[in-house]
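So you can see what is in the structure, the chains are spelled out below.
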2 protein chains.
Amino acid sequence: MENEEKKKETGALREKLDARGAHFTRQRAAVYDYLRQVDHHPTADEIYLAVKSGLPKISLATVYKNLEALVDCGAASKLTYGDAAARYDIRTDHHFHSRCRICGKIADVEPVRSDALLGLIDLQAGFSIENWRIEVIGICLKCKEIRRD
Amino acid sequence: MENEEKKKETGALREKLDARGAHFTRQRAAVYDYLRQVDHHPTADEIYLAVKSGLPKISLATVYKNLEALVDCGAASKLTYGDAAARYDIRTDHHFHSRCRICGKIADVEPVRSDALLGLIDLQAGFSIENWRIEVIGICLKCKEIRRD
DNA sequence: ATTCTTGCAAAAGATTTGCAAACAA
DNA sequence: TTGTTTGCAAATCTTTTGCAAGAAT
């Protein structure tokens, strides 16, 4: 049943927070739950507005603090692809993103042979790679169909 | 001689601005010249401080407006890799960047077989790629030598 | 009991905007 | 002369911070 699944996830969050000496709170759980339930990568403000319906007194500052706590304990990640506002992602594994130039939607892109990237670029000598990010910009299927280009 | 080179570049900038109906001004040329002479990717504020020595009355807002004009006419590009402040680059051709986690230095990375990137990722069906960006994060040679890790 | 979190307001940092005077075409 | 740019100040937007009261461990 759905409640079992929810309880399991809640427990997982509790453990991750605990490992960092952070507390489990209703506000924190609400931010986490919203991030889990949406299929896109919302900004702090969007999360704030959404979560406010269940917790009317929550403040935007609390949402920011909780997002930071979630990122710190490995329960979410922060996307900073140069928009005005940062976006947050429930996934923390290594993956990339595509952005539609028309509708702005950001979708997940899975790495297939990620390490082969190194052969495609001419890096300065002696640079030790620890991580890399790829963003693909273009037009998504939905926008293409609407425009019939 | 150096003046010939400078005049040629100035002429090129004038043409690009002209094509957009934009004017060539001392302030605009100063921002452009600074971008040409540095070997890194400065923020608007750094450009402002540097250009102010030659044009003491220039304002930060003017620097922002000029950077936008330069980007618009294809004389520079804007880097938004998620820092607090955007960075500007005199190059407008397709290339990438590396960032040192220790010293924060951003260096150019040349694409070798850039189109082969498509084989490395699993993009959603129907997405038309127009452009892509890669950022490599790690430790540069200089910082590695200092730490002797 | 102790430590962390909340909510509020204020502050901070980056960037944009409105506008009259100055400048470039 | 006409349209663009400048410099200034004020405004905007995102994010952070200080702090007293409240909640979690």
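Residues numbered from 1 in each chain as written. Chains lettered and ligands numbered in written order. Predicted model: local features only at pLDDT ≥ 70, side-chain atom pairs only at ≥ 80, totals over all residues. Heavy atoms only, no water.

Chemist: Talk me through the protein's contact with DNA strand C; I want residue IDs and the actual numbers.
Modeler: If you check the shell around DNA strand C, you find 23 residues, and the closest are Thr25, Arg28 and Lys65 of chain A together with Tyr64 and Ala86 of chain B. Within 4 Å of the protein, the contacting atoms of DNA strand C are 77% sugar and phosphate, with bases supplying the remainder. At a separation of 3.3 Å, a phosphate oxygen of DNA strand C approaches a polar backbone atom of His23 of chain A. One of the side-chain nitrogen or oxygen atoms of Arg28 of chain A is found 2.4 Å away from a phosphate oxygen of DNA strand C. Of all the secondary structure elements, the ones that give two or more residues to the surface near DNA strand C are helix H2 (26–37) and helix H4 (60–72) of chain A together with helix H4 (60–72) of chain B. (Near = heavy atom within 4 Å. Polar contact = N/O pair within 3.5 Å; in protein donor to acceptor, adjacent residues only side chain to side chain. Helix = DSSP H or I, 4+ residues; strand = E, 2+ residues; numbered from the N terminus.)

Chemist: Please provide a residue-by-residue account of the domain arrangement of chain A, values included.
Modeler: All names here are of chain A. One can read the domain layout of chain A as domain 1 (2–89) and domain 2 (96–148). Put simply, the middle of domain 1 and the middle of domain 2, counted by C-alpha atoms, are 25 Å apart. Contact with domain 1, which involves 8 residues of that partner, is made by 8 residues of domain 2. Carbon and sulfur atoms supply 45% of the area that domain 1 and domain 2 bury against each other, a total of about 770 Å² over both sides. Inspection of the domain 1/domain 2 interface yields 0 salt bridges. The tally of links between domain 1 and domain 2 comes to 4 residue pairs in polar contact (both at pLDDT 80 or more). (Domains from an automatic or database assignment. Contact = heavy atoms within 4.5 Å. Buried area = accessible area lost by both parts, 1.4 Å probe. Salt bridge = Lys/Arg side-chain N within 4 Å of Asp/Glu carboxyl O.)

Chemist: Tell me about H4 of chain B, and name the residues and values.
Modeler: Residue and element names in this part refer to chain B. Taking 1.5 Å per residue, 13 residues should reach 18 Å; H4 reaches 18 Å between its end C-alpha atoms and fits that length. Along H4, the residues classified as buried are Val63, Asn66, Leu67, Ala69 and Leu70. Angularly, the buried residues of H4 cover 160° about the axis, an arc narrow enough to put them on a single face. In this structure, H4 carries Lys65 and Glu68 as exposed residues pointing more than 90 degrees from its buried face. Just downstream of H4, Gly74 is the residue with a positive phi angle, here 80°. (Expected span 1.5 Å × (residues − 1). Buried < 20%, exposed > 50% of the residue type's maximum accessible area, 1.4 Å probe, protein only. Arc of directions from axis to C-beta.)

Chemist: So, the interface of chain B and chain A: which residues are in play, and what are the values?
Modeler: Listed as interface residues are 40 residues of chain B and, on the opposing side, 39 residues of chain A. Counting each side, the surface lost to burial between chain B and chain A is near 3,400 Å², with a carbon and sulfur contribution of 59%. When the buried surface of chain B facing chain A is broken down by residue, Leu120, Phe127 and Arg133 of chain B rank first, second and third, together holding 19% of it. Taken together, the connections running from chain B to chain A amount to 4 salt bridges.

Chemist: An account of the relation of the copies chain B and chain A is needed here, citing residue identities and associated values.
Modeler: Under the fitted operation, chain B is carried onto chain A by 0.0 Å of movement along the axis and a turn of 179°, and the coordinates agree to an RMSD of 0.1 Å. Put plainly, the chains are arranged around a two-fold axis. A share of 98% of interface residues in chain B that are also interface residues in chain A marks the association as one of identical surfaces. (Least-squares fit on C-alpha atoms with pLDDT ≥ 70 in both.)

Chemist: How would you explain the protein's contact with DNA strand D if you had to name every residue and give the values?
Modeler: Close contacts around DNA strand D come from 23 residues, with Tyr64 and Ala86 of chain A together with Thr25, Arg28 and Lys65 of chain B the closest. Among the atoms of DNA strand D close to the protein, meaning within 4 Å, 77% are from sugar or phosphate groups. One of the side-chain nitrogen or oxygen atoms of Thr25 of chain B is found 2.8 Å away from a phosphate oxygen of DNA strand D. Here a phosphate oxygen of DNA strand D and a side-chain polar atom of Asn66 of chain B are 3.1 Å apart. Residue classes in the surface near DNA strand D are distributed as 10 nonpolar, 8 polar and 5 charged. (Nonpolar A, V, L, I, M, F, W, Y, C, P; charged D, E, K, R; others polar.)

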